[in-house]
Amino acid sequence: MLVLLTLHLTAAIVAPLLVRRWGRRACYPLALAPAAAFGWALVRTPDVAHGGAVVETYPWISQLGLDLALRMTTLSWLMTLLVGGVGALVLVYSARYLPADAVGTAQYAAVMVGFAGAMLGLVLADDLLLLYVCWELTTVFSYLLIGHSTERRSARWAAGQALILTTLGGLAMLVGFIMLGHHAGTYRWSEIAARPLPEGPYLVVAVLLILLGALSKSALLPFTSWLPVAMAAPTPVSAYLHAAAMVKAGVYLLGLFAPVLAGAAPWRPVVLVAGLASMVIGGWAALRQHDLKLLLAYGTVSQLGLLAVTIGVGTADAALAGVAMLAAHALFKATLFLVVGVIDHGAGTRDLRKLSGLGRAAPVLAGVAVLAAASMAGVPPLLGFVAKEAVFAAFTDRPVVLAVLVVGTVLTVAYSLRFLWGAFGSRPGIAPTRLGRIPPAMLLPPTGLALVGLAAGVAAGPVDHLLRPYAESFGPVHAHLALWSGLNLALGLSALVLAGGAVVFWLRRPLAPALARVRVPVTGQQGYEWVTHRFDRVAVDVTSVTQRGSLPQYLGLILLVLAAVPGGVLLYIEPWQHPIALWLTPAQPVVLVVISVAALLAVGARRRMTAMLLVGMTGYGTAMFFVLYGAPDLALTQFLVETVTIAVFVLVLRRLPKRFSVRPLWSSRWLRRGIGAIVGLTVAGLAVAAATARQARSISEDFPQLAVEQGHGRNVVNVTLVDIRAWDTLGELSVLVVAATGVASLVFQRSRTGPRPRRLDVDRGEVLAGRPVWLRGGATLHERNRSLVLEVVTRLIFHTAVLFSFYLLFSGHNAPGGGFSGGLVASLALTMRYLAGGRYELAEAAPINAGTVLGAGLAVAVGGALASMLAGGAALESAKIDLWLPLIGDFYLVTSLFFDVGVYLVVIGLALDVLRSLGAEIDRNIEASGGRPGGLAVERGRGRRR
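Being a predicted model, the structure only gives us computed values, none of them experimental. (Residues numbered from 1 in each chain as written. Predicted model: local features only at pLDDT ≥ 70, side-chain atom pairs only at ≥ 80, totals over all residues. Heavy atoms only, no water.)

1. Here we look at the overall build of the protein
1) Next: Helix and strand content of the protein: 38 helices and six strands.
2) Next: Here the protein holds 946 residues, and 50% of them are scored as buried.
3) Next: Surface exposure of the protein reaches about 43400 Å², of which carbon and sulfur atoms provide 68%.
4) Next: When the 73 basic and 46 acidic side-chain charges of the protein are each reduced to a single mean position, those positions are 13 Å apart. (Helix = DSSP H or I, 4+ residues; strand = E, 2+ residues; numbered from the N terminus. Buried < 20%, exposed > 50% of the residue type's maximum accessible area, 1.4 Å probe, protein only. Areas by Shrake-Rupley, 256 points an atom, 1.4 Å probe, with all protein chains shown as cover. Lys, Arg positive; Asp, Glu negative; His and termini not counted. Charge placed at Lys NZ, Arg CZ, Asp CG, Glu CD.)

So this is what it looks like as structure tokens:
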């Protein structure tokens with residue numbers, strides 16, 4: 001089974017290449033993938049004929065306990081035959097249906113094969129989470145197929161509607177799956193079915209959520225609206241997704257769960273009401289359609305209601321009839337959609353009011369349509385008749401349900417006749433429709449499906465033998481599928497239904513005014529549009545109230561919600577009742593006082609620079625806490641981060657006024673302070689609650705031993721970043737690179753490398769105004785903007801800082817440091833060069849594109865994963881390599897060093913982007929506007945001028 005799924009995936013991947021080479025004819029070889037699934041299921045028929053199962057299990061995500069658990073029983077065997085067989089025929093049909101020069105053929109072919117693979121995975125999945133994954137894949141693929149004609153607004157709208165409704169149901173279904181799996185301790189359905197079910201409201205909620213997913217997928221009330229509008233898809237898509245595959249997924253889910261959950265309180269009422277209402281309303285709506293595809297679409301809604309009732313009611317006889325009807329419906333409805341595709345392809349219209357005389361123009365096609373429509377109406381000896389008669393026999397003990405089924409089936413017969421009359425009948429006053437020659441690739445698929453429906457009806461006995469094991473999962477089966485069951489109530493009802501449907505069709509003209517007047521108060525489409533419009537309206541109203549253009553208002557609203565929701569929970573659980581040690585050493589309250597005073601002073605500061613420095617003091621105070629708690633690595637990182645942050649603030653503040661804008665009113669100031677105090681208490685309470693709520697042993701207690709044994713390092717923090725949780729770090733690096741690239745694309749209009757230093761005057765040589773040139777870029781600054789002391793200090797400590805960054809990089813695996821800390825030190829060294837010598841000095845210090853450094857860092861970090869694998873470990877797993885060099889002796893190298901080097905480069909690249917965007921590029925803008933750019937000395941000079 002896994003081979004079949006892999007085959008579909010491979011076919012979907014290579015489909016664009018095949019289409020590019022062979023055009024639409026590539027659908028022929030691509031049809032081999034679903035054909036292989038059909039052939040495999042056919043070969044494995046003996047394994048499931050007597051109630052057996054074909055099982056395959058492969059490990060997948062062990063941390064989640066999720067395996068590729070595949071299981072084929074009678075129901076999934078039948079669905080595999082339908083998904084594979086109809087899928088192969090539809091792809092063959094598409095090879096001539098699609099225009100030779102059509103745009104999007106490659107996407108169509110790839111998505112069709114991918115959809116077939118996802119549907120195959122859905123019906124074979126034994127793990128509920130795997131089933132959900134495939135379920136959502138079919139949703140995405142159907143979205144792409146329905147919206148294939150992207151230039152048409154109707155197609156885009158239909159695709160979006162199908163996506164929204166089916167995804168909504170799928171998410172609800174997932175919650176139901178999780179509830180069942182959590183109760184059973186496993187997500188294997190075969191194991192859940194063998195264990196006791198939960199009781200009371202828990203099971204009721206789980207069942208309702210699962211039913212919500214099934215009803216939405218199979219377009220049953222109240223989710224019928226998406227199926228008719230989905231007829232905007234190409235006709236082969238309708239034949240597959242909306243007749244044999246996607247809409248069957250919900251019915252399949254009902255059939256899968258019914259043997260176990262049909263006895264749950266809400267199951268039968270929901271299934272019966274939704275199914276019977278869909279059957280009657282869909283049949284009535286089909287009689288009012290003039291578009292042949294819409295007629296079949298509403299007929300599909302009606303037939304899906306019938307399938308839901310028979311399969312979902314939870315009795316053995318009804319299940320046997322339902323699974324037979326499942327096969328019959330796929331055969332006749334796919335046939336009819338393909339017939340409509342031939343008519344639309346040849347005549348250019350599907351409007352039955354414009355068609356005339358096609359029965360004579362295309363007698364073979366008309367014969368195929370008659371076979372399929374007869375099976376849909378329940379005419380012997382077709383499979384539809386066998387299944388319909390079994391349905392009537394199964395509900396003889398439920399007169400109300402049986403009466404509604406009879407009414408719905410009468411409507412089915414009527415719209416079946418309406419389809420044949422509309423597609424192939426002759427109309428006075430309308431010129432005969434020209435169809436032209438029908439390509440064999442478009443005629444053979446519907447012909448084959450119609451003949452299979454006829455053969456299956458004649459061979460009702462063998463079909464009964466193959467499908468009976470599924471019905472026996474409900475209990476003893478008393479009914480039989482047979483072409484002749486004797487003179488009984490079911491046969492009489494069949495005759496009554498055929499006669500009643502013929503009468504309704506015969507009286508179509510007198511009934512036309514009644515059909516036009518009888519309407520439901522609100523159609524499904526109107527309901528969907530009303531709901532989506534209300535959501536849009538609420539979104540606009542909420543946005544107009546909350547999005548007022550005030551950043552303090554946004555932040556205050558977010559903080560108030562934080563204080564109200566988690567804070568309210570804190571008041572309920574009262575975490576402060578647990579004993580808490582306020583401090584461990586006398587130095588800690590001293591640092592706390594310093595942080596508190598700095599924070600309070602920052603609130604009242606009038607100057608931006610003063611507020612920034614006070615906030616920086618709170619950061620340095622936090623670093624002191626790390627020192628007092630014995631975490632030097634964290635303290636070092638916090639000190640460096642705070643220093644870099646202050647430097648960035650300095651760059652930003654150059655373009656802002658020295659003082660804050662007009663202070664808010666007195667009442668507003670105290671409101672903000674109150675919000676701050678409440679949020680502070682809430683966050684403190686959350687920290688206490690998190691610290692006191694732990695019941696299990698912390699996994700971090702194992703980190704020191706893991707760091708030495710598996711990470712080969714004694715610095716637990718660094719080993720955690722580059723080994724134990726290296727995937728998290730790699731994800732964060734990717735985010736940093738993407739963010740830096742995005743910012744640079746917004747800020748820079750030119751190269752991110754920065755300007756090259758101006759060439760010094762030859763007469764000046766290396767001496768300027770009688771003093772040595774400490775920094776080459778400094779000579780490009782105005783004399784009043786230079787600081788000789790800063791240039792000298794920068795010249796003296798730059799190389800030392802860079803060497804120290806290397807030391808932190810290479811020693812960080814066993815001592816405080818690491819790639820992040822080393823990169824911050826190197827970034828500070830570059831910041832010093834910029835502040836002392838301006839943008840030309842920065843370009844002199846780092847004459848390289850920041851994007852190149854970022855990309856190289858990410859590439860090296862990813863290469864660390866490959867290095868680990870080459871050393872015999874898993875991806876991003878530290879491997880120890882023993883080495884020896886003269887004068888050094890024995891030493892070892894850990895492969896995570898490469899990962900750390902990548903972190904080091906990414907941090908430096910990010911710093912370069914910040915310095916060149918907030919620094920150098922702003923300098924250039926100031927210079928272009930007539931100002932005097934520069935670093936820190938510029939600001940002091942400007943302060944004096946002001």
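On we go.
2. Comments concerning the packing of aromatic side chains
1) Next: Taken as a whole and assessed by the stated rule, the structure comprises ten aromatic pairs.
2) Next: A centroid spacing of 5.7 Å and a plane angle of 75° characterise the contact between phenylalanine 115 and tyrosine 240, whose relative ring orientation is edge-to-face. With phenylalanine 115 in helix H6 (residues 105-124) and tyrosine 240 in helix H12 (residues 235-244), the pair connects residues that are 125 residues apart, well separated along the chain. For the residue pair phenylalanine 115 and tyrosine 240, the accessibility class agrees, reading buried in each case.
3) Next: Aromatic pair phenylalanine 804 and tyrosine 807: ring centres 6.2 Å apart, planes at 20°, arrangement stacked. Taken together, the residues phenylalanine 804 and tyrosine 807, both in helix H34 (residues 788-811) and three residues apart, mark about one turn of the helix.
4) Next: Since its relative accessible area comes to 38%, phenylalanine 804 is described here as partly exposed.
5) Next: One aromatic cluster is present, formed by Phe177, Trp189 and Phe257 through successive ring pairs.
6) Next: The ring of tryptophan 421 is capped by arginine 427, whose NZ or CZ atom sits 4.2 Å from the centre of that ring.
7) Next: The ring of tryptophan 670 is capped by arginine 673, whose NZ or CZ atom sits 4.9 Å from the centre of that ring. (Phe/Tyr/Trp six-rings, centres within 6.5 Å; stacked < 30°, edge-to-face > 60°. Lys NZ or Arg CZ within 6 Å of the ring centre and 35° of its normal.)

3. Considering the layout of surface pockets
1) Next: In this model, the largest pocket occupies a volume close to 1800 Å³.
2) Next: In this structure, the largest pocket is lined by 39 residues; those nearest its centre are Val603, Arg672, Arg673, Gly676 and Ala677.
3) Next: Of all the secondary structure elements, the ones that give two or more residues to the lining of the largest pocket are helix H26 (551-573), helix H27 (587-604), helix H28 (608-628) and helix H30 (666-692).
4) Next: Grouping the amino acids of the lining of the largest pocket by side-chain chemistry returns 27 nonpolar, seven polar and five charged. (1 Å grid on protein atoms, 1.4 Å probe; cavity = no way out; pocket = protein on both sides within 12 Å on 5 of 7 lines; lining within 4 Å. Points joined across faces, edges and corners; volume = space filled by probe spheres on them. Nonpolar A, V, L, I, M, F, W, Y, C, P; charged D, E, K, R; others polar.)

4. Focus: a nonpolar patch on the surface
1) Next: On the surface, a cluster of nonpolar side chains totalling about 380 Å² of accessible area is made up of Leu9, Ile13, Val14 and Leu17.
2) Next: With respect to the helices, strands and loops of the structure, leucine 17 is situated in helix H1 (residues 2-22). (Patch = residues over 30% accessible without salt bridge, like charges linked within 9 Å, V, L, I, M, F, W, Y side chains within 5 Å. Salt bridge = Lys/Arg side-chain N within 4 Å of Asp/Glu carboxyl O.)

5. Some remarks on empty space enclosed by the protein
Rolled over the atoms, a probe with the dimensions of a water molecule shows which regions are left empty.
1) Next: Tallied over the entire structure, the rule returns two cavities of 30 Å³ or more.
2) Next: Each pocket or cavity is described by its volume, and for the largest cavity that value is around 60 Å³.
3) Next: Every residue along the wall of the largest cavity is listed here: Met279, Gln303, Leu306, Met325, Phe332, Ser375, Met376, Ala377, Gly384, Lys388, Thr409 and Thr412.
4) Next: For the lining of the largest cavity, the per-class residue count stands at six nonpolar, five polar and one charged.
5) Next: In this structure, the second largest cavity occupies an estimated 60 Å³ of space.
6) Next: Contributing to the lining of the second largest cavity are Ala328, Leu331, Phe332, Leu371, Ala372, Ser375, Leu382, Leu383, Leu449, Ala450, Gly453 and Leu454.
7) Next: At the level of secondary structure, the elements contributing two or more residues to the lining of the second largest cavity comprise helix H16 (316-347), helix H18 (363-377) and helix H21 (440-458).
8) Next: Counted by class, the lining of the second largest cavity contains ten nonpolar, two polar and no charged residues.

6. Section: the pattern of salt bridges
1) Next: This model, assessed by the stated rule, comprises ten salt bridges.
2) Next: Note that arginine 188 is salt-bridged to aspartate 67, the shortest N-O span being 3.3 Å. Here arginine 188, found in the loop between helix H8 (153-184) and helix H9 (189-192), pairs with aspartate 67, found in strand E2 (residues 66-72); they are 121 residues apart in sequence, far enough to count as distant.
3) Next: As a salt-bridge pair, glutamate 191 and arginine 195 come within 3.7 Å of each other at their nearest N and O atoms.
4) Next: For glutamate 191, a relative accessible area of 31% corresponds to the partly exposed category.
5) Next: One continuous salt-bridge network, built from bridges that share partners, spans Asp291, Asp344 and Arg350.

7. So, the nonpolar core
1) Next: The biggest cluster of nonpolar side chains holds 203 residues, and the ones touching the most others in it are Tyr240, Phe257, Trp267, Leu365, Phe395, Leu405 and Phe424.
2) Next: Per-element accounting of this core gives the leading share, 22 residues, to H16.
3) Next: Excluding its chain neighbours within four sequence positions, the residues that come into contact with leucine 405 are Leu276, Met279, Leu306, Val309, Val391, Phe392 and Phe395.
4) Next: Residues Val722, Leu828, Leu830 and Val907 belong to the second largest nonpolar core, which totals 36 residues. (Core = buried A, V, L, I, M, F, W, Y, C linked by side-chain atoms within 4.5 Å. Contact = heavy atoms within 4.5 Å.)

8. Here we look at the side chain of threonine 682
1) Next: Mapped onto the secondary structure, threonine 682 falls in helix H30.
2) Next: By relative accessible area, threonine 682 is classed as buried at 7%.
3) Next: If we ignore the near neighbours within four places in the chain, the residues touching threonine 682 are Leu562, Ala563, Gly567 and Leu570.

9. Considerations on helix H10 (residues 201-217)
1) Next: Taking 1.5 Å per residue as the helical rise, H10 with its 17 residues ought to reach 24 Å, and the 25 Å between its terminal C-alpha atoms agrees with that figure.
2) Next: Taken residue by residue, H10 has Leu203, Ala206, Val207, Ile210, Leu211, Gly213, Ala214, Leu215, Ser216 and Lys217 as its buried positions.
3) Next: Where H10 is buried, its residues touch helix H7 (128-146), H8, helix H11 (226-229), helix H13 (246-261) and helix H14 (267-286).
4) Next: Phi turns positive one or two residues past the end of H10, at alanine 219, with a value near 55°. (Expected span 1.5 Å × (residues − 1).)

10. Focus on unusual backbone geometry
1) Next: For the bond running from leucine 221 to proline 222, omega is 5°, close enough to zero to count as cis.
2) Next: With respect to the element layout, proline 222 can be found in the loop between H10 and H11.
3) Next: The peptide bond linking proline 380 to proline 381 adopts the cis configuration, its omega dihedral lying at 5°.
4) Next: The residue proline 381 is located in the loop between H18 and helix H19 (383-394) in this model.
5) Next: Phi is positive for alanine 219, which is not a glycine, with a value near 55°.
6) Next: Tracing the chain through its elements places alanine 219 in the loop between H10 and H11.
7) Next: Taking relative accessible area as the criterion, alanine 219 reaches 0% and is therefore assigned buried.

11. Considerations on the environment of alanine 233
1) Next: Within the secondary structure, alanine 233 is located in the loop between H11 and H12.
2) Next: Sequence separation of alanine 233 and leucine 656 is 423 residues, and the distance between their C-alpha atoms is 56 Å.
3) Next: Residues in contact with alanine 233, not counting those within four places in the same chain, are Leu145, Ile146, Ser238 and Lys293.

12. Details of the environment of glutamate 877
1) Next: One can find glutamate 877 in the loop between helix H36 (850-870) and strand E5 (880-885).
2) Next: With a relative accessible area of 33%, glutamate 877 lands in the partly exposed category.
3) Next: With 155 residues separating them in the primary sequence, glutamate 877 and valine 722 have C-alpha atoms 8.4 Å apart.
4) Next: Not counting chain neighbours up to four residues away, the residues in contact with glutamate 877 comprise Asp723, Ser868 and Thr895.

13. So, the pairing of strand E6 (residues 889-894)
1) Next: In the sheet, E5 pairs with E6 via six bridges, with the strands oriented antiparallel. Residue isoleucine 881 lies in a different strand from E6, and its bridge partner there is leucine 893. (Pairing = 2+ DSSP bridges.)

14. A look at a positive patch on the surface
1) Next: Together, Arg606, Arg607, Lys658 and Arg659 make up a positively charged patch on the protein surface.
2) Next: Within the secondary structure, arginine 607 sits in the loop between H27 and H28.

15. Regarding the packing of H34 against helix H35 (residues 819-845)
Two numbers describe a pair of packed helices, the interaxial angle and the distance between the axes.
1) Next: Packing of H34 against H35 brings their axes to within 8 Å, and their N-to-C directions diverge by 165°. The angle between H34 and H35 falls in the class roughly antiparallel. In this structure, H34 meets H35 at a crossing whose hand is left-handed. On H35, the residues touching Leu790, Glu791, Thr794, Ile797, Phe798, Ala801, Val802, Phe804, Ser805, Leu808 and Leu809 of H34 are Gly819, Ser821, Gly822, Val825, Ala826, Ala829, Leu830, Met832, Arg833, Leu835 and Ala836.
2) Next: Each residue belonging to the contact of H34 with H35 can be placed in one class, and the counts come to 15 nonpolar, five polar and two charged. (Axes fitted to C-alpha atoms, helices over the stretch in contact; angles between N-to-C directions. Parallel < 35°, antiparallel > 145°, perpendicular 65-115°, else oblique. Left-handed = near helix turned anticlockwise from the far one by under 90°.)

Fair warning: the whole summary comes from geometry, so function is off the table for now.
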